[in-house]
Amino acid sequence: MKFGVDYYPEHWPEERWAVDARLMREAGIQIVRMAEFAWAKMEPEEGNFDFGWLDRAIETMGREGIKTVLGTPTATPPIWIIEKNPDMLPVNNEGLRLGFGGRHHDCQSNAYYRQHVKRFVTVMARHYSDNPNVIGWQIDNEFGNSHLNLCMCDSCKEAFHKWLEKRYGTIENLNKAWGTVFWSQTYSRFDQVPVPLPTPNAHNPSLLLDWKRFASDLIVDFQRQQVEIIRKECPHHFITHNFMGFADKVSYFDLAKDLDFISHDQYPMLFSKGKYPVSPPSRLAATLDLMRGIKQKSFWIMEQQAGPNGWETMSHSPRPGQLALWTYHSVAHGADAVVFFRWRTCLFGTEQYWHGILPHSGEPERRYEEIKKAIQELAPVMDYFKGGLPDSEVGILYSYDQNWAFQIQPHHHELDYKEHLLGYYEAFYDANIPVDMLSEEQDFSKYKLLIAPLLFLVKPELVRKLEDYVKNGGHLVLTMRSGVKDWNNAVIPETLPGYLSSLTGIRIPEYDCLVGIEQAVRWNASGLYDLTEPVSKWADIINLNGANALAYYVKDYYRDTPAITMNCYGKGITYYVGTELGPEIMKKFITYATCKADVHQIIISPEGVEVTRRKGVDGYYIFVLNHTAISQALEIDSGWQNVLGAENLKGNKLVLEPYGTAIFRAC
Ligand code: GLA
Ligand code: ZN
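Residues numbered from 1 in each chain as written. Chains lettered and ligands numbered in written order. Predicted model: local features only at pLDDT ≥ 70, side-chain atom pairs only at ≥ 80, totals over all residues. Heavy atoms only, no water.

Asks: I keep staring at the overall build of the chain and nothing clicks. Help me out?
Replies: Helix and strand counts for the chain come out as 17 helices and 26 strands. Radius of gyration (C-alpha) of the chain: 26 Å, near the 26 Å computed for a compact globule of 667 residues. Across its three principal directions, the C-alpha atoms of the chain cover 75 × 75 × 40 Å. When burial is assessed residue by residue, the chain has 60% of its 667 residues classed as buried. Considering only contacts in the chain between residues 6 or more positions apart, those separated by 24 or more positions represent 73%. On the chain, roughly 26300 Å² of surface is accessible, and the fraction owed to carbon and sulfur atoms is 51%. One way to put it: in the chain the 67 positive side-chain charges average out to a point 2 Å from where the 82 negative ones average out. (Helix = DSSP H or I, 4+ residues; strand = E, 2+ residues; numbered from the N terminus. Rg over C-alpha atoms; globule rule 2.2 N^0.38 Å. Buried < 20%, exposed > 50% of the residue type's maximum accessible area, 1.4 Å probe, protein only. Contact = heavy atoms within 4.5 Å. Areas by Shrake-Rupley, 256 points an atom, 1.4 Å probe, with all protein chains shown as cover. Lys, Arg positive; Asp, Glu negative; His and termini not counted. Charge placed at Lys NZ, Arg CZ, Asp CG, Glu CD.)

Asks: Would you mind showing me how to read the environment of Lys 2 here?
Replies: Looking at the secondary structure, you find Lys 2 in the segment before β1 (3-6). Its relative accessible area of 16% is what places Lys 2 among the buried residues. Looking at Lys 2, its side chain comes within polar contact range of the main-chain oxygen of Ala 379, at 3.5 Å. (Polar contact = N/O pair within 3.5 Å; in protein donor to acceptor, adjacent residues only side chain to side chain.)

Asks: How do you make sense of the site of ligand 1 when you look at a structure like this?
Replies: Close contacts around ligand 1 come from Phe 37, Arg 103, Asn 141, Glu 142, Asn 242, Asp 265, Tyr 267, Glu 303, Trp 311, Phe 341, Glu 351 and Trp 354, and that covers them all. Asn 141 is positioned with one of its side-chain polar atoms (N or O) 2.9 Å from an oxygen atom of ligand 1. A breakdown of the residues in the shell around ligand 1 according to their chemical character gives five nonpolar, two polar and five charged. (Near = heavy atom within 4 Å. Nonpolar A, V, L, I, M, F, W, Y, C, P; charged D, E, K, R; others polar.)

Asks: Looking at this structure, how should I read the sheet that holds strand β4 (residues 134-138)?
Replies: The strands that make up a sheet pair up through hydrogen bonds in the backbone, lying either parallel or antiparallel. The strand order across the open sheet formed by nine strands is β5-β4-β3-β2-β1-β9-β8-β7-β6, and the pairing between neighbours is parallel. Of all the strands in the sheet, the pair left with one neighbour each is β5 (238-240) and β6 (242-243). Sheet topology places β4 next to β5; three bridges connect them, and they run parallel. When the bridges of β5 are listed, Gly 136 appears paired with Phe 238. Sitting on the sheet, helix α11 (residues 322-332) is in contact with β1, β7 (263-266), β8 (299-305) and β9 (335-341), with an inclination near 165° to β8. (Pairing = 2+ DSSP bridges. Axes fitted to C-alpha atoms, helices over the stretch in contact; angles between N-to-C directions.)

Asks: Would you take a moment to explain the pairing of β4 for this structure?
Replies: Regular strands place side chains that alternate from one sheet face to the opposite one. Among the five residues in β4, four count as buried, and that is most of the element. The pairing of strand β3 (residues 67-71) with β4 spans four bridges and is parallel. Considered in β4, the bridge of Val 69 is made with Gly 136.

So this is what it looks like as structure tokens:
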């Protein structure tokens, strides 16, 4: 089971299904995902179930050897459920109750809705538990999508109070942890605590952080209800959910714990900004690496872009070769199966212009042929590295809590947790150094170099874990605003970086927000005064207390004071970067740190050509991906054997066509 499509039989006449199934089989499709929005079709009125059409669609697919992944349709409760209980419509963060007409018009804490979910999912799971053509389940669809304005209804408010009571035990503990003495916010009962609806100015940052945590836990709990039903009814089926990369409404580390494996929806043209038709390849790679990092495990792509994207406005048309390239890219970063969204472009509804493999006409054209060819090439080799990870020597900590804390208080209006983190990621990406993303709970010890960006919130266990890591020889990079707050989002009364002081060998008595200020640093690690390089957003003003300086600020009253430091601690090293580095100084710093940590790059490649790897049974499988519209040449390692795409190798010189790809084996 390696390639699939998202299919909506309910959108097409039944006579067409067999034609679709045949075309799919001819293209090498072995999986369909179906039914994730079809509640109204499966239960047109309460208790009146109609699975006949879906049974026949599954059967039609099965006849062509295609297996089905079923989606539970809980992202689209039908109108009759809403009519019976309009209270289950969600309330946004302006207090406005949202209406029926899109999707995800559900409050996930609503007891009445939960009852319906339980009732429907149980019936559906029982109906399909023994169907030989059904292999697994996707719960709901893209949790957190369309929940941008988190639900602030009375039911969620009550659930928030229960959540707080569980976390703090007594209201006195909450008052203390949040510092509610400020502005007379002291509570005497949990049920007095507000949800963060508009207030004349701003809510307590501790309340806001707990609200985000609560909202994340609510989604995890909503999913768990369905997971428990399906585990019981369908013990032989896998359970997954389709994640959305860097989306942040729910902690994916938590959401993934109940799943067999995670899936991800990869739309390279969706998150492109401004003039770029495609997200920068490094971002696409980072997204895939985060998805692999969630469980430190290979994953599925449940929706891979198959044509131009668009609801109201549209993306470019993917250029010849791009759809294939992106398919290879997903596989290169750890996808064991790729399911394309969607099979055929819809004739009606919101997604009329969200193009599938087939155009509106249903006639196979260029995109069909390109995807078919990519499947035919990849399918035979994918078992060689199934489940394989890149064996990264570098790890980057990714934290929902830190991200949320900076969303609440960004310090500088342009400071963004994800962007700051990606600055580091990109330096490794450009050097073809594989990177793992991991949570604070995962194992640090296997990494030679660990980046923990913006470690704003700290707790004693985390500090100890980092100290042990460095003591035992790890090299750690901490960045600005580390060690500022406790886990409740209240400031720690210590000279910064607080509990991280002995690890870093520095003191930070002052800092400067660089809003409207240009600052730069000079890199001084070599003892020579190099050119100065711009930095931005923030400057921690650092006193050395055992550490050495690698770079200095060049302007203002703290000119010539350290901006980047290095401290030997136990058998390892801790770096501290007191500012946000521009790309040039970042490159210098990362080159220095990787060299010290003896981290290896796979190979040097021209800009726009990515090289990454997966471990296979008999060595590493190296993926070379040309993300550019021009052909590119590079020298490959003489020990590499061609697996795919490098038949015209001249000596060690590989030439890739525009958007071309190759796979090698390195033993
Ligand atoms: C998301 C959803 C799909 C579809 C696509 C295109 O990723 O999961 O159901 O809506 O976007 O809009
Ligand atoms: Zn609600």
